[in-house]
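Descriptive analysis of the structure
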Amino acid sequence: MEFPKAADEAIEAFCRLPGIGRKTAQRLVQHLLKHDAFQAERFASSIADLHAKIHPCKQCYHITEKDRVLCAICDNPLRDKQQICVVEDFMDVFAIEQTRSFTGVYHVLYGTLSPISGIGPEKLKIAELFHRMLGMDGPIELIFATNPTLEGEATAMYIKEHMPAHIEVSFTRIAKGMPMGGDIDYADEITLGNALSARVHF
Ligand SMILES: [Zn+2]
C-alpha cells in the first residue's frame, strides 16, 4: 500500500537531507503525523525562515542575521582585523569561537578545491578574500584552518600561491594536533584551541 501523496512528498523531502535514509524519513513523518498540526507547522516555519532571516556577512561570509551587513565578529572593534582565519565552512567558525582562544576575524570559503567534484577556485570565496585583503593595510596574518585533508591542504596552498604579490601577508597553519582527515568542526575545544595557539608557518 502506498503512502498518501503528502506523506510521500514529506518523506522524499527528508530523504534529501544528509544522513537521512528512507526508514528514518518515514519515522520522522510518522512522528509529525502522530502529534498535532501545530508542531509540524512550527517545524516547517523554522526551516522556511532559515533563508529569509539569515544571510552571509558581506566581509567574511559567516552567517548572520539578515538585518545586519556585517556579522558580530567583523563588527566587533575589539577583534584583530589583521588576523584572518580561513575556514572551509561557517560551522568551523562556531567551533573555533567555542575555544575562546582566537581574537582575530574569519574568512569562510564554502568548501575546498576538488577537481574530481568539479569545484574550482571560482566556486569558493577566494577572489573575495583577495579583494578583501587588497582593501587593507598590512601586515596581515592569514591563518589556514582548513581541514587537514588533501583538499584542505591543496586549497591553502592555492591561496598562498595566488595571493596578489603586493599584499603584505604572512601565512600560518593551525598545528597538526588533529587526526589527518579529521573535521575541525568535530574537534574538541581543547585540541582545537591548542592547534590554533601552536600554529606554524606555512
Ligand atoms: Zn563577518
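Residues numbered from 1 in each chain as written. Predicted model: local features only at pLDDT ≥ 70, side-chain atom pairs only at ≥ 80, totals over all residues. Heavy atoms only, no water.

**Observations regarding the sheet that holds strand β6 (residues 169-173)**
Definition in use: Strand pairing is defined by DSSP finding a minimum of two bridges between the two strands. Secondary structure counts use DSSP, requiring at least four H or I residues in a row for a helix and at least two E residues in a row for a strand, with both numbered from the N terminus. The contact rule is simple, with two residues in contact once any of their heavy atoms fall within 4.5 Å. To get an axis, fit a line to the C-alpha atoms, keeping to the stretch in contact for a helix; angles then go from 0 to 180 degrees between the N-to-C directions.
Pairing is mixed across the open sheet formed by five strands, whose spatial order is β4-β3-β5-β6-β7. Strands with a single pairing partner mark the edges of an open sheet, and in this sheet they are β4 (104-108) and β7 (200-201). Pairing of strand β3 (residues 80-87) with β4, which is carried by five bridges, proceeds in the parallel orientation. Each residue of the ladder has a partner; that of Asp80, found in β4, is Gly104. Set on the sheet, helix α5 (residues 126-134) makes contact with β3, β4, β5 (140-144) and β6; between it and β4 the angle comes to about 145°.

**A few points about the coordination of the zinc ion**
Threshold: Only nitrogen, oxygen and sulfur atoms count as donors, using a 2.8 Å cut-off from the metal that widens to 3.2 Å for Na, K and Ca. Water is left out, so coordination shells may look unfilled. Any site counts as irregular unless it has four donors with all angles between 85 and 135 degrees, making it tetrahedral, or four or six donors with opposite ones more than 155 degrees apart and the rest between 65 and 115, making it square planar or octahedral. Burial classes: relative accessible area under 20% of the type maximum marks a residue as buried, over 50% as exposed, and values in between as partly exposed (1.4 Å probe, protein chains only).
Protein-derived coordination of the zinc ion comes from Cys57 (SG), Cys60 (SG), Cys71 (SG) and Cys74 (SG), at a distance range of 2.2 to 2.3 Å. Every donor counted, the four donor atoms about the zinc ion form angles of 105 to 116° at the centre, which fits tetrahedral coordination. Mapped onto the polypeptide sequence, the residues donating to the zinc ion form the spacing pattern C-x2-C-x10-C-x2-C. Of the two residues, Cys57 sits in the loop between β1 (54-56) and β2 (63-65) while Cys71 sits in the loop between β2 and β3, which places them 14 residues apart along the sequence. Overall, Cys57 belongs to the buried group, its relative accessible area being 0%. Residue classification places Cys71 among the buried positions, given a relative accessible area of 2%.

**As for the packing of aromatic side chains**
Heads up, the rule is: Two aromatic rings from Phe, Tyr or Trp, using only the six-membered ring of Trp, form a pair when their centres are within 6.5 Å; if the ring planes differ by under 30 degrees the pair is stacked, by over 60 it is edge-to-face, and anything between is tilted.
Within the structure shown, the criterion is met by five aromatic pairs. Ring plane angle 0° and centroid distance 6.0 Å describe the contact between Phe144 and Phe171, whose orientation is recorded as stacked. Linking Phe144 in strand β5 with Phe171 in strand β6, this pair joins segments that are 27 residues apart in sequence. Note on Phe144: relative accessible area 0%, which makes it buried.

**Notes on the domain arrangement of the protein chain**
One widely used convention gives an interface's size as the accessible area the parts lose upon coming together. As a reminder, the rule being used: Domain delimitation in this document rests on an assignment produced automatically or drawn from a domain database.
Domain parsing of the protein chain yields domain 1 (5-55) and domain 2 (71-201). Put simply, the middle of domain 1 and the middle of domain 2, counted by C-alpha atoms, are 34 Å apart.

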